[in-house]
Amino acid sequence: MDFVEMVEMVDILKRADYDGKYGPYSNPNVRKAKIMTKVVRSLHRNFGVWRSKEQLRKHWSDLKLREHEQYRRIRKLLLKREKRIMTSGDTTTPPKEGEIPTHHEEDVEGGEVHELGEIVTTTGDVDVVAEETHFNSASAQILNGEIMVCNQELEKIKENINYVEK
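Residues numbered from 1 in each chain as written. Predicted model: local features only at pLDDT ≥ 70, side-chain atom pairs only at ≥ 80, totals over all residues. Heavy atoms only, no water.

Under an unreviewed UniProt entry, the name given to the chain is Myb/SANT-like DNA-binding domain-containing protein, and the source organism is Aquarana catesbeiana.

### Thoughts on the overall build of the chain
What the chain contains, in helices and strands, is five helices and two strands. Secondary structure elements of the chain occur, N-terminal to C-terminal, as α-α-α-α-β-β-α. Every one of the 166 residues in the chain was classed for burial, and the buried ones make up 31%. Contacts spanning at least 24 positions in sequence make up 62% of the contacts within the chain whose residues lie at least 6 apart. Total accessible area on the chain stands at roughly 11,100 Å², and carbon and sulfur atoms take up 53% of it. (Helix = DSSP H or I, 4+ residues; strand = E, 2+ residues; numbered from the N terminus. Buried < 20%, exposed > 50% of the residue type's maximum accessible area, 1.4 Å probe, protein only. Contact = heavy atoms within 4.5 Å. Areas by Shrake-Rupley, 256 points an atom, 1.4 Å probe, with all protein chains shown as cover.)

### Here we look at helix H3 (residues 53-65)
Helix length check: H3 (13 residues) gives 18 Å between terminal C-alpha atoms against 18 Å at 1.5 Å per residue, within 8%. Taken residue by residue, H3 has Leu-56, Trp-60, Asp-62 and Leu-63 as its buried positions. Buried residues of H3, viewed axially, fall in a sector of 165 degrees; they line one side. Opposite its buried face, H3 presents the exposed residues Glu-54 and Leu-65, each directed more than 90 degrees away. (Expected span 1.5 Å × (residues − 1). Arc of directions from axis to C-beta.)

### A closer look at the pattern of salt bridges
Counting across every chain of the model gives eight salt bridges. One salt bridge connects Arg-51 with Glu-5, and the closest N-O pair in it is separated by 2.6 Å. With Arg-51 in the loop between helix H2 (28-47) and H3 and Glu-5 in helix H1 (residues 3-15), this residue pair connects regions lying 46 residues apart in the sequence. Accessibility assignment for this pair places Arg-51 and Glu-5 in one class, buried. (Salt bridge = Lys/Arg side-chain N within 4 Å of Asp/Glu carboxyl O.)

### Here's the deal with the packing of H1 against H2
Taken N-terminus to C-terminus, the directions of H1 and H2 make an angle of 145 degrees; their axes are 10 Å apart at the nearest point. You can see that H1 and H2 cross each other, and the crossing is right-handed. Note on element contacts: H2 touches H1 through Ile-35, Met-36, Lys-38, Val-39, Ser-42, Leu-43, Asn-46 and Phe-47, opposite Val-4, Glu-5, Glu-8, Met-9, Ile-12 and Leu-13. (Axes fitted to C-alpha atoms, helices over the stretch in contact; angles between N-to-C directions. Left-handed = near helix turned anticlockwise from the far one by under 90°.)

### Looking at the side chain of Glu-5
The exposure class assigned to Glu-5 is buried, which follows from its relative accessible area of 3%. For Glu-5, the side chain forms a polar contact with the side chain of Arg-51, separated by 2.6 Å. Not counting residues within four places of it along the chain, the set of residues in contact with Glu-5 comprises Leu-43, Phe-47, Val-49 and Arg-51. (Polar contact = N/O pair within 3.5 Å; in protein donor to acceptor, adjacent residues only side chain to side chain.)

Written out as structure tokens, the structure is:
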């Protein structure tokens, strides 16, 4: 599961109180099933991927129990996003569940870049991508942010190498 997909899933599950931390709920299993359905639809709508509810439950459980560092990075990213929205004085509202979130450079930390489809530019350059993937401007923006983060990390590595060489 891609990092941006996990961020979307965690955002929805946290906002909907999937774990039931904020109160006793009647029919918690039915409630959880409805929340997970929202996650399935959101991932399909925003990223063009179908994930089963069971698969998403497993990812959620793995994130909380085994992948502590990844979960911390996702929570940190969501807090940053929330703070930026609250403190920026923007009149824009945060993305709703069905909307495609816009990711800024500082939002994407440790994401993975995957090949998505075939893009042909006017200069004749060709990038190979899986054809069944839904490639749109939002996913291009996400990839662009991830590439920028990777470039920053690469620059840091180069600086460290130069420092060690000196």
